[in-house]
2 protein chains.
Amino acid sequence: MTGAAHGEVQVENERMRVTRWTIEPGGTIPMHRHHHDYAVVPLMTGTMVAVEPDGTEIVVELEQGRSYAREAGAEHRMEHRGDGEPIVFVEVERLD
Amino acid sequence: MTGAAHGEVQVENERMRVTRWTIEPGGTIPMHRHHHDYAVVPLMTGTMVAVEPDGTEIVVELEQGRSYAREAGAEHRMEHRGDGEPIVFVEVERLD
């Protein structure tokens, strides 16, 4: 069941794409592969679950303002399995 | 008068540098030149003043989660001229 999740592209040029993602409780960002290195800037504190193609689950503890980065090639869907506040973060992709 | 302002580097590799900046009321990030394209993700809503080398002042209205990007070459100092809450934002630089 894919609940509500949406991405708002805030900046896009040949060098960078900045997207603000919101995942509602019960929502999922469907399976996707990252083609570019990216950083994540959480705008709230909460728990997200990354599910990889082989079913591996990784609990991602988000803390407001504590950023992290990943390399191109990551592939997963992102689930909000909790209730309460939506998960909100900004993703900054380094376009090649 | 340069009040308290500090940057916490949260991620640094050959491709990206992610820094969380905090400017206390009355504080300033001293004059600096950006050598890389960068995006800014505000973690709060407030007003910051950019002062360029020639004295030109640009009021920067920050809104929590509303990102913006700039190209390499920008040169300014950043001032918090208000009172109340510190200015806090995350800067994501695209290293060449």
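Procedures and definitions
- Residues numbered from 1 in each chain as written.
- Chains lettered and ligands numbered in written order.
- Predicted model: local features only at pLDDT ≥ 70, side-chain atom pairs only at ≥ 80, totals over all residues.
- Heavy atoms only, no water.
- Pairing = 2+ DSSP bridges.
- Helix = DSSP H or I, 4+ residues; strand = E, 2+ residues; numbered from the N terminus.
- Axes fitted to C-alpha atoms, helices over the stretch in contact; angles between N-to-C directions.
- Contact = heavy atoms within 4.5 Å.
- Buried area = accessible area lost by both parts, 1.4 Å probe.
- Salt bridge = Lys/Arg side-chain N within 4 Å of Asp/Glu carboxyl O.
- Polar contact = N/O pair within 3.5 Å; in protein donor to acceptor, adjacent residues only side chain to side chain.
- Nonpolar A, V, L, I, M, F, W, Y, C, P; charged D, E, K, R; others polar.

A.B. asks: Could you give an account of the sheet that holds strand S9 (residues 87-94) of chain A, with specific residues and numbers?
C.D. replies: All names here are of chain A. Overall, antiparallel pairing links the five strands, which are arranged S1-S2-S9-S4-S7 in an open sheet. Of all strands in the sheet, those bounded by a partner on one side alone are strand S1 (5-12) and strand S7 (68-70). Strand-to-strand twist of the sheet, defined as the mean angle between neighbouring strand axes without regard to direction, takes the value 25 degrees. As defined by bridge partners, strand S4 (residues 38-42) adjoins S9 across five bridges and the pair is classed as antiparallel. Residue Val40 lies in a different strand from S9, and its bridge partner there is Glu91.

A.B. asks: An account of the interface of chain B and chain A is needed here, citing residue identities and associated values.
C.D. replies: Each partner contributes to the interface: chain B provides 23 residues, whereas chain A provides 23 residues. Counting the surface lost from both chain B and chain A, the interface buries some 2000 Å², and carbon and sulfur atoms represent 54% of this. If you sort the residues of chain B by the area they bury against chain A, Arg15, Met16 and Arg94 of chain B come out on top, with a joint share of 33%. Our count for the chain B to chain A interface comes out at four salt bridges. The partner of Asp37 of chain A in a salt bridge is Arg15 of chain B, with the nearest N and O atoms 2.6 Å apart. One can count 14 residue pairs in polar contact (both at pLDDT 80 or more) joining chain B with chain A. Only strand S1 (5-12), strand S2 (16-23), strand S4 (38-42), strand S7 (68-70) and strand S9 (87-94) of chain B provide two or more residues apiece to the side of chain B that touches chain A. Tallying contributions element by element places S4 of chain B first for the side of chain B that touches chain A, with four residues. Its residues assigned to classes, the side of chain B that touches chain A comprises 13 nonpolar, four polar and six charged.

These results come straight from atomic positions and should not be treated as a statement about function.
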